[in-house]
Amino acid sequence: MFEPLPQYPDHLALEEEILAWWDAEHVFDRLRERNRGGPPFGFMDGPITANNPMGAHHCWGRTLKDVFQRYKALQGHDLRYQNGFDCQGLWVEVGVERELGLNSKREIEEYGIAEFAQRCKERVAKYAEIITDQCRRLGMWMDWDNDYYTFSDTNIEYIWRFLKECHERGWLYKGHRSVEWCPRCGTSLSQHELINSYAELTHPSLYVRFPLEGRKGESLVVWTTTPWTLPANVAAAVKPDAEYGLTDGGDWWAVERNPDATFVRRVRGEELVGQEYEGPFDSLPAQEGVVHRVIPWDEVALTEGTGIVHIAPGCGAEDFELSRVHDLPVLTPIDEAGNFYKKYGEFEGRSTQDVEGPVVVELERRGLLVEAGSIVHRYPICWRCSTPLVFRIADDWMIRADEIRQPMLDANATVQWTPDFYSKRMDDWLRNMGDWNISRSRYFGLPLPFYPCDSCGRLTVVGSLDELRGRATGGLEQLKELHRPWIDDVPIRCDCGAELKRVPEVGDAWLDAGIVPFSTLGWENPEWKEHGYATGAAAGLTGADLPDHAYWEKWFPAHWVSEMREQIRLWFYSQCFMSVTLTGKSPYLSVLTYEKLLDEHGREMHRSWGNAINAAEALQNIGADVIRFMFCEHVPSQNLKFGYRPAAEIRRRLLTLWNSVKFFVDYANVGGFRPGPEVPGELQPLDRWLLERTEQLAAEMTDAYERYWTPALIRAFDSFVDDLSNWYIRRSRRRFWNGDEVALWTLWYALVRSLQVIGPVMPFLADYLWRRLRAEDATDSVFLAPWPEPRARDEQLLHEVAEVRRVVELGRQARGDASIKLRQPLRRLVVQGARSAQPHADEIAEELRVKEVEFGPVEAMEVRVKPNLPLLGPKLGKELGAVRSALEAGEFEQLAGGGVRVNGRELAPEEVLVERRPRAGWALAEDDAVTVAVTTELDDELRLEGRVLDLIHQLNSMRKDAGLALTDRIRVTLPASLADLLEHADWIKEEVLATEIATDSVSEPEIELQGSDPEGV
Ligand SMILES: [Zn+2]
Ligand SMILES: [Zn+2]
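Model, not experiment: these values are computed from the prediction.

### Some details on the coordination of the zinc ion (ligand 2)
Protein-derived coordination of the zinc ion (ligand 2) comes from C453 (SG), C456 (SG), C494 (SG) and C496 (SG), at a distance range of 2.2 to 2.3 Å. What the four donor atoms of the zinc ion (ligand 2) show is an angle range of 103 to 116 degrees at the metal, which sorts the shape as tetrahedral. Counting along the primary sequence, the residues that act as donors to the zinc ion (ligand 2) give the motif C-x2-C-x37-C-x1-C. The class for C494 is buried, based on a relative accessible area of 3%.

Pasting the structure below:
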């Protein structure tokens, strides 16, 4: 007996059941054991930040990772299965700040950096556990007890080593520049953190006068959307070759920007250069001694503003660059929290937003305000806390990128990207990448091992914990891990003898993630250390080993990595940067990348919009298999619309597979069928076809897995299940009723094989069904069975049946278009094209319920041709009427290429409008190569048969509604009005499993179970 299936799958329940069973039977451990020593397949997991539960979008990448790891394992590869957690940096800090209600760096310091670090670690531990549970529920098989955590001392040491290498190559420098700064987080952001982090914001829009020195009544007019920068103004820039004019009101504008004004004088911009002006806030102590003047700048835009640009080098990147060229003073008005410094008078201590009002009031009072309004524009915001960014001058630690740019491009050329155009995206990023800003003025992050010396001017970069210990002058006893505040209490000795302190900055989190191809694989580590990765903050969280160098040689570079497209400028980049620096090679050989997850209407998901679905909700309401199926079906280079409706649609589609398995189980149990290794008799042509079709599926799926192209997996599987259900089972129904063992065996074999190849996509359903269908000597899990080896196939047979199905589809379509239901038999079908379907004419006739099937030209098509008047009118003139009548009368000849001969003239294809339609009495459908036409006229014989089929359908529905078993025999009673159908009594009996059929005085057909008491029904 096969264990019967319920009517419908309960995905959630069966997934829980399979999860528990996998655990109880150690299926994953057994798989790893089986594959140990097999050919390695290196996969490197991009770390997920252990800072929140997973979102639905995380399930996308996690699905792809698991699908291909499962596939490679089924093929016998040895895998590492190491999961990674990202654990330090701004994400975690901001999360903890929210948790504790802290809202500035001052408040963190008051809370205590040690305590704060402790909270960060607790948060990571908590979410690592939650994420692990969610990944397990998604079906992800990973070595969950041996994850890597990027805040381990080992990971940090490897980054130190990389930084020391950069320093030795002369790439490390401290940049004094204007940077985008988050006043809430109190740190700068780097180039890769800025992309896509913008919001539509409303800001003031001010037109302000700068009165010119020595030219009474004349002022420059500038435009600004950042009033807070005016107190730091030192210059005004004009475009040297643009035309500027003085209005009758005494204001200087670029003429192009104020075309309606009356200008009393016009000059070229260069003539204004050098002119001094009165600054807007000259009385502030910070402005003391500043001489404001007009400078030339070719980049002044004439598309907005006044054509005169207010320059504050302390508040803008371009302004800062100009200050170097023109030797301008740099005023930095705000501190790292975005508040004004002391020398800014009444603005002192206030935020950039708070000073907007007072600035406007003051300008207005002094008659300097031309106009004040507001503007909505795209403005950069902090990607972590959404605070609008400001520009500040900061000293950041940078790694020079120029020297490594070409080697990275060369390394990227060795990588196989899927989809392949992402390779170019990576190249574009590499060509444009600026120097890497690696420092953040924060607390819980990678401590930068930089020790500058004031005495000798040297910078010492510590490359390892041993080196730190060797150089330390104290504080080692309290150094419990490589984090602030402990690391800051370990001063070291400079080569010159001076005692040095570490810089206060921590590192960019992408250093943490970028080093993992080295830190987790034991690069240049002389000796394997058991649990050696579980150091520092990671102690107690993981059992991961620190392998030795031989292990690194075996597993580096990764065969495959997969993350979302955004990671091109993040993890793919940082990994590649560090790897090319240390080894000259790309750390991965192939990449699968994918786009963004949106809601089912195509909008971004946001908690505040009420349309976000997190992983927990998705897993609870949709189930893992359906989620995985949805991600696999999707073309990864397009954004995915995720939601409950698309999920319900997939659940509905999966019913075809479920129903096919259920059909098999039900009939196999009726006949007591048990599958053996060999087919129990002679295969019929349709059986042979299904076996070939099954081979084809395995080959197509293998090919798609090899190409990392999941949409092809789903396409191949869907089409196979459709063939199996809507062709093989439907065409073989009668054999199943008769308990035909060869048909049962063939169907069983096809189902079992298909479960094997779809297993990586839907592991739960596949194993659930496998466990019901498997032969006694088969492995208990589908994931322990060997991958089906592809063999040669009978392509001719596959082609023939594909053509038959194509003809049948078109035939159905033709009937549908003519509104003739499939239960109504028809007389004749003509097929043009699809010659290889000809040997199967009988099957086509049966499927489409037609009496005769013919292959040959379809003449049921009527071609009507009309003149294309706009072209032919002028050309034919008076002759047009005659041509038109000839066309209407059908007196024309169609020419190859689409033209027409009529009235002795040849008309070109574009000169006529050709309309094709079926002749009266025919229905017709065609695709690019096949045309199918069917007669629609009915005669008495056809009508009677149509009614018989209606009755059969009705009786079978009644059997189903009465809950009869497949084998139950019935007696049928018909009303007298249906007596003429008894001409086909034998046919009806056979189709509805009736032993008797008779008429009586009933108003509707009735059935009763044979052998039961008629009174009792
Ligand atoms: Zn921020
Ligand atoms: Zn020194």
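### Quick word on the sheet that holds strand β6 (residues 198–211)
Reading across the sheet, the six strands line up as β11-β9-β10-β7-β6-β15 and stay open at both edges, with mixed pairing between neighbours. Both outer strands of the open sheet, β11 (263–268) and β15 (369–380), are each paired with one neighbouring strand and no more. Ignoring strand direction, the axes of neighbouring strands in this sheet form an average angle of 30 degrees. Of the pairings in the sheet, the one linking strand β7 (residues 219–224) to strand β10 (residues 251–254) comprises two bridges and is parallel in character.

### Some remarks on the packing of helix α4 (residues 90–100) against helix α6 (residues 113–137)
Across the interface, α4 lies against α6 with an axial gap of 9 Å and an inter-helix angle of 105 degrees. It follows that α4 is roughly perpendicular to α6 by the angle criterion. Residues V92, E93, G95, V96, E97, E99 and L100 of α4 touch α6, and the partners they reach there are F116, R119, C120, R123 and V124. The class makeup of the residues in the contact of α4 with α6 is six nonpolar, one polar and five charged.

### Considerations on the nonpolar core
Residues L468, F577, F642 and F664 are the most contacted members of the largest nonpolar core, which totals 238 residues. Leave out the neighbours within four places in its chain, and L468 touches W160, Y451, V462, L479, L482, I487, V490 and I492. In this structure, W228, A254, V300 and L363 belong to the second largest nonpolar core, which totals 52 residues.

### Let's talk about unusual backbone geometry
That bond from T418 to P419 is cis: its omega, -10 degrees, falls within 30 degrees of zero. Within the fold, P419 resides in the loop between β17 (416–418) and α13 (422–432). Cis geometry marks the peptide bond from F556 to P557; its omega dihedral reads -10 degrees. With respect to the helices, strands and loops of the structure, P557 is situated in the loop between α17 (549–555) and β25 (561–564). One non-glycine residue, S819, lies in positive phi territory at about 55 degrees.

### Concerning the sheet that holds strand β18 (residues 436–437)
By definition, the strands of a sheet pair up through backbone hydrogen bonds, in either a parallel or an antiparallel sense. Here we have four strands laid out as an open sheet, ordered β5-β4-β16-β18, and antiparallel in their pairing. Strands with a single pairing partner mark the edges of an open sheet, and in this sheet they are β5 (187–188) and β18. Bridge count for strand β4 (residues 172–182) against β5 is two bridges, and the pairing is antiparallel. Its bridge partner being in β5, C182 is matched across the sheet by T187.

### Description of a negative patch on the surface
Taken together, the side chains of D241, D298, E299, E318 and E321 define an acidic patch exposed on the protein surface. Here D298 shows up in the loop between β13 (292–296) and β14 (308–311). Note on D298: relative accessible area 52%, which makes it exposed.

### What to know about the coordination of the zinc ion (ligand 1)
In the first shell of the zinc ion (ligand 1), the protein supplies C182 (SG), C185 (SG), C382 (SG) and C385 (SG), at 2.2 to 2.4 Å from the metal. Linear spacing of the donor residues for the zinc ion (ligand 1) on their chain is C-x2-C-x196-C-x2-C. Residue C182 is located in strand β4, and its partner C382 is located in the loop between β15 and β16 (390–399); the two are separated by 200 residues in the primary sequence. For the pair C182 and C382, a shared accessibility class is recorded, and that class is buried.

Calculation rules
Within every chain, residues take consecutive numbers counted from 1 along the sequence as written. Numbering of ligands from 1 and lettering of chains from A proceed in the order in which they are written. Residues qualify for local features only when their pLDDT is at least 70, as the model is predicted, and side-chain atom pairs are given and counted only at 80 or more; totals for whole chains, interfaces and linings, by contrast, use all residues. Just so you know, side-chain values use all the structure's heavy atoms and leave hydrogens and water out. Here the coordinating atoms are restricted to nitrogen, oxygen and sulfur within 2.8 Å of the metal centre, or 3.2 Å for Na, K and Ca, and because water is not among them the sites may look incomplete. Any coordination sphere not matching a tetrahedral pattern (four donors, all angles between 85 and 135 degrees) or a square planar or octahedral pattern (four or six donors, opposite donors over 155 degrees apart, other angles between 65 and 115) is reported as irregular. Categorising residues by exposure relies on relative accessible area from a 1.4 Å probe, with only protein chains included: less than 20% of the type maximum marks a residue as buried, more than 50% marks it as exposed, and the intermediate range marks it as partly exposed. Between any two strands, at least two bridges found by DSSP are needed for them to pair. Segments assigned H or I by DSSP are reported as helices when at least four residues long, segments assigned E as strands when at least two residues long, and all are numbered from the N terminus. Inter-axis angles, ranging from 0 to 180 degrees, are taken between N-to-C directions of lines fitted to C-alpha atoms, where helices are fitted over the stretch in contact. Comment on the angle field: the value is read as roughly parallel under 35 degrees, roughly antiparallel over 145, roughly perpendicular from 65 to 115, and oblique elsewhere. Any two residues having at least one pair of non-hydrogen atoms within 4.5 Å are treated as being in contact. Throughout, the ten residues Ala, Val, Leu, Ile, Met, Phe, Trp, Tyr, Cys and Pro are labelled nonpolar, Asp, Glu, Lys and Arg are labelled charged, and all others, Gly among them, are labelled polar. What we call a nonpolar core is a set of buried Ala, Val, Leu, Ile, Met, Phe, Trp, Tyr and Cys residues that are connected through their side-chain atoms within 4.5 Å. Each patch groups residues whose relative accessible area exceeds 30% and which form no salt bridge, using 9 Å between like charges and 5 Å between nonpolar side chains of Val, Leu, Ile, Met, Phe, Trp and Tyr. Using a 1.4 Å probe, the Shrake-Rupley method yields the accessible areas, and only the shown protein chains count as cover for residues. Every case where a carboxyl oxygen of Asp or Glu lies within 4 Å of a side-chain nitrogen of Lys or Arg is listed as a salt bridge. Asp and Glu count as negative and Lys and Arg as positive, but His and the ends of the chain are not part of the count. Lysine's charge is taken at NZ, arginine's at CZ, aspartate's at CG and glutamate's at CD.

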